Amino acid sequence: MTSATLLTRPVGAPGALETTGALLRTRLRTYERALVVLDLGIISLAVLAGYFGRFNWVVEPFGGGAPVGSQIPYPVVGPALVLVWLASLKLLRCYDDRVLGYGADEYRRVTSASLRLAGGIAIVGYVANVGVARGFLALTFATGTIGLVAGRYVARKWLHRARVRGTGWSRRVLVVGDAPHVLELVHTLRREPYAGYRVVGACIPDALLAPVPQRLGDVPVVGSFRSILEAARAAGVDTVAVTASGELTAARLRRLGWQMEGTGIDLVLAPALTDVAGPRIHTRPVAGLPLIHVEAPEFRGTRKIVKGFVDRFTALFGLTIALPLMLLIALAIKLDSKGPVIFRQIRVGQGGREFGVYKFRTMVVNADEMLAKLAANNEHDGLLFKMRKDPRVTRVGRILRKYSLDELPQLLNVLVGHMSLVGPRPPLPSEVARYDGDIARRLLVKPGITGLWQVSGRSDLSWEDGLRLDLYYVENWSLATDVVIMWKTIGAVMASRGAY
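Residues numbered from 1 in each chain as written. Predicted model: local features only at pLDDT ≥ 70, side-chain atom pairs only at ≥ 80, totals over all residues. Heavy atoms only, no water.

Per the secondary structure count, the protein chain includes 15 helices and 13 strands. Considering the protein chain as a whole, with its 500 residues, one finds that 42% of them fall into the buried category. Long-range pairs, those at least 24 residues apart, make up 71% of the contacts in the protein chain with a sequence separation of at least 6. (Helix = DSSP H or I, 4+ residues; strand = E, 2+ residues; numbered from the N terminus. Buried < 20%, exposed > 50% of the residue type's maximum accessible area, 1.4 Å probe, protein only. Contact = heavy atoms within 4.5 Å.)

Structure representation (structure tokens):
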């Protein structure tokens, strides 16, 4: 280990760590209470929507408390349904901090709790011959389930922004493992601060522990493998993340799990396998070992055929709808500067095949000739040239780039099969010529008009992060992921994040 990795510095007082832990626990309780209030409001509105939607506002004014012709006391049934629905969410652990704020489990649990309750009420009503209007129940649960998922989405976005600012609830994590693996896991967790895993300390092998305070980068070393539980308590953490280490045998991990029983501290195992999506991972117990099976990426088959059909159909529909706008853009480009309206550039697609990508022209005609003089002003690392105030961009071009309107003609590329709606960024031949074996995996699928790079910052991304996102998509693409990316693209375009 080099001195640049393992440093000896003061680690700070334990009291400060404990105070921070108490503050984060308070933030968690506040967030959980806010979710309960939010869910309560949404369910109440759903019950009212189901009631008035089913009975068309025809009620006996303060008489029997039921719609005309009904013997069911809906003013009693409604509040009771709200309370039972909240209890169902609680019983199915929809407020469990392990699923709040990140991943699909939170949405899955909320949906499952609502549908199970709806099914249970339908069965009980049929068996007991209770005449609650089916239309009322259908409208209530349909509206409520959609509303609950939407409400959790809004709350999650608020929490993500708060986490990035450092003011939101996050889990305090103690990382245990060899120094290189600890640093790698810390880097991975910090890459997405909105996920809510805040590393506050590390435990390293006994042989590396020095008699003076140490740090791995800026993470304080608070103990060794012999004092993991004591270090976790002293640092006030709620999660211990164990990464790879030759000294952490199966027996030691098993004993650590026993020691943490009843402490309220979660034990998380972080395998060396990264950037693999959940659907490709299956844990199967074999001879007492939880073996992780990783399915191979899917580059052909039925899903690919469906994806191609959806791409072409959506591109045709998009071209039809956007045609008037595209004509206005073409006129604006023609009036703003001399040159063609459409810019055609050679890019590299699936399998290394070159094709001409179509875009609205946003630069002056001699932009390529000016590039050599501007090379020293490149603001992007890696193989790309990016410049925030590029003098080659025209006035209309700046507006088109800001809202990605210059990419509308690429729908033609999708229609003829050169591109997909969602995929890696289409590279230039000069970039591909410098690809190594890993980067070349981007060419296993069709490039896309949008992708993870588009919804994660576009030009603001480093070359390394853009490459990582492209490779992640190649390995883990799915039709559901494509829908999510296209939905997020709307927000990214409207906010003009990383567009220049």
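In this fold, arginine 215 is placed in strand S4 (residues 214-216). Here arginine 215 is buried and forms no salt bridge, its nearest opposite-charge partner aspartate 218 lying at an N-O distance of 6.1 Å. Within the local environment of arginine 215, its side chain forms a polar contact with the backbone oxygen of aspartate 218, the two atoms lying 2.8 Å apart. (Lys, Arg positive; Asp, Glu negative; His and termini not counted. Salt bridge = Lys/Arg side-chain N within 4 Å of Asp/Glu carboxyl O. Polar contact = N/O pair within 3.5 Å; in protein donor to acceptor, adjacent residues only side chain to side chain.)

So, on to the pattern of salt bridges. Here the structure, examined in full by the defined rule, presents 17 salt bridges. For arginine 395, the salt bridge is made with aspartate 336, and the minimal N-O distance between the two is 2.9 Å. Of this pair, arginine 395 sits in helix H10 (residues 395-402) while aspartate 336 is found in helix H8 (residues 302-336), placing the two residues 59 residues apart along the sequence. Given the relative accessible area of 63%, arginine 395 is considered exposed. Residue aspartate 406 is joined to lysine 359 by a salt bridge in which the shortest nitrogen-to-oxygen separation is 3.6 Å. Within this pair, whereas aspartate 406 is found in the loop between H10 and helix H11 (410-416), its partner lysine 359 is found in strand S11 (residues 354-360), the two being separated by 47 residues in sequence. Accessibility classification places aspartate 406 together with lysine 359 in one group, the buried group. Taken together, the shared-partner salt bridges connect Arg93, Asp96, Asp97, Arg98, Arg109, Arg171 and Asp266 into one network.

In a regular helix each residue adds 1.5 Å, so 24 residues correspond to 34 Å; helix H3 (residues 105-128) covers 34 Å between its end C-alpha atoms and thus fits that length. For H3, the full list of buried residues reads Glu106, Tyr107, Val110, Ala113, Ser114, Leu117 and Gly125. The first or second residue beyond H3 is asparagine 129, which carries a positive phi of 55 degrees. (Expected span 1.5 Å × (residues − 1).)

For the coordinates displayed, the defined rule picks out six aromatic pairs. When the ring of phenylalanine 309 is compared with that of phenylalanine 313, the centres are 6.3 Å apart and the planes differ by 15 degrees; the resulting orientation is stacked. Here the residue phenylalanine 309 and the residue phenylalanine 313 both occupy positions in helix H8, the gap between them amounting to four residues, near one helical turn. Put simply, the rings of Tyr31, Trp158 and Trp169 touch in pairs and so form one group of aromatic residues. The positively charged end of arginine 303 is found above the aromatic ring belonging to tryptophan 477, 4.6 Å away from the centroid. (Phe/Tyr/Trp six-rings, centres within 6.5 Å; stacked < 30°, edge-to-face > 60°. Lys NZ or Arg CZ within 6 Å of the ring centre and 35° of its normal.)

Taking 1.5 Å as the rise per residue, helix H5 (residues 179-191) with 13 residues should run 18 Å; its terminal C-alpha atoms sit 18 Å apart, in good agreement. Among the residues of H5, those classed as buried are Ala179, Val182, Leu185, Val186 and Leu189. Projected onto a plane normal to the axis of H5, the buried residues spread over an arc of 125 degrees and lie on a single side. Tucked into the core, H5 has its buried residues touching strand S2 (171-176), strand S3 (197-204), S4, strand S5 (219-224) and strand S6 (239-242). (Arc of directions from axis to C-beta.)

Looking now at the pairing of S3. Within S3, six of the eight residues are buried, which leaves it mostly tucked inside the rest of the structure. Note that S2 and S3 share six bridges and pair parallel. Residue pairing across strands places valine 173 opposite valine 199, the latter belonging to S3. Following the chain from S2 across H5 to the adjacent parallel S3, one finds a crossover that is right-handed. As paired elements, S3 and S5 share three bridges and run parallel to each other. Considered in S5, the bridge of isoleucine 204 is made with serine 224. (Pairing = 2+ DSSP bridges. Right-handed = clockwise from strand over helix to strand, strands pointing away.)

Attention shifts here to unusual backbone geometry. One non-glycine residue, arginine 93, lies in the positive phi region at around 55 degrees. As for its placement among the helices and strands, arginine 93 is situated in the loop between helix H2 (74-91) and H3. Despite not being glycine, serine 404 shows a phi value in the positive range, around 55 degrees. A relative accessible area of 11% means that serine 404 is categorised as buried.

Next up on the list: the packing of H3 against helix H4 (residues 134-165). In helix packing, the relevant descriptors are the interaxial angle and the interaxial distance, both defined with respect to the helix axes. As a packed pair, H3 and H4 sit with axes 10 Å apart at the nearest point and diverge in direction by 165 degrees. In terms of their interaxial angle, H3 and H4 are classed as roughly antiparallel. Between H3 and H4 the crossing geometry is right-handed. Of the residues in H4, those in contact with Glu106, Tyr107, Val110, Thr111, Ser114, Leu117, Ala118 and Ile121 of H3 are Leu137, Phe141, Thr145, Leu148, Val149, Arg152, Tyr153 and Arg156. Among the residues making up the contact of H3 with H4, the classes are represented as ten nonpolar, three polar and three charged. (Axes fitted to C-alpha atoms, helices over the stretch in contact; angles between N-to-C directions. Parallel < 35°, antiparallel > 145°, perpendicular 65-115°, else oblique. Left-handed = near helix turned anticlockwise from the far one by under 90°. Nonpolar A, V, L, I, M, F, W, Y, C, P; charged D, E, K, R; others polar.)

Here we take up the environment of alanine 495. Assignment of secondary structure puts alanine 495 in helix H15 (residues 479-495). Given a relative accessible area of 44%, alanine 495 falls into the partly exposed group. Sequence separation between alanine 495 and lysine 402 is 93 residues, and the spatial gap between their C-alpha atoms is 8.9 Å.

Attention shifts here to the pairing of S5. Taking burial as the measure, the six residues of S5 include five buried ones, the bulk of the element. Sheet topology note: the S4/S5 ladder contains three bridges and is antiparallel. Among the inter-strand pairings, leucine 216 is bridged to a residue of S5, identified as valine 219.

By the element assignment, glycine 351 lies in the loop between strand S10 (342-348) and S11. Residue classification places glycine 351 among the exposed positions, given a relative accessible area of 56%. Placed 91 residues apart in sequence, glycine 351 and arginine 442 show a C-alpha to C-alpha distance of 9.2 Å.

Attention now goes to a nonpolar patch on the surface. Together, Val306, Phe309, Val310, Phe313, Phe317, Ile321 and Leu479 make up an exposed nonpolar region whose accessible area comes to about 690 Å². The element best represented in the nonpolar patch is H8, accounting for six residues. (Patch = residues over 30% accessible without salt bridge, like charges linked within 9 Å, V, L, I, M, F, W, Y side chains within 5 Å. Areas by Shrake-Rupley, 256 points an atom, 1.4 Å probe, with all protein chains shown as cover.)

This next bit is on the confidence of the model for the protein chain. Caution applies to low-pLDDT regions: their predicted coordinates should not be interpreted in detail. Per-residue confidence for the protein chain gives a mean pLDDT of 81, with 81% of residues at or over 70. Between residues 1-5, whose pLDDT stays under 50, and residues either more than four places distant or in other chains, the model counts eight contacts. In the model, residues 58-65 has pLDDT below 50 throughout and makes nine contacts with residues more than four positions away in sequence or in other chains. (pLDDT = per-residue confidence, 0-100.)

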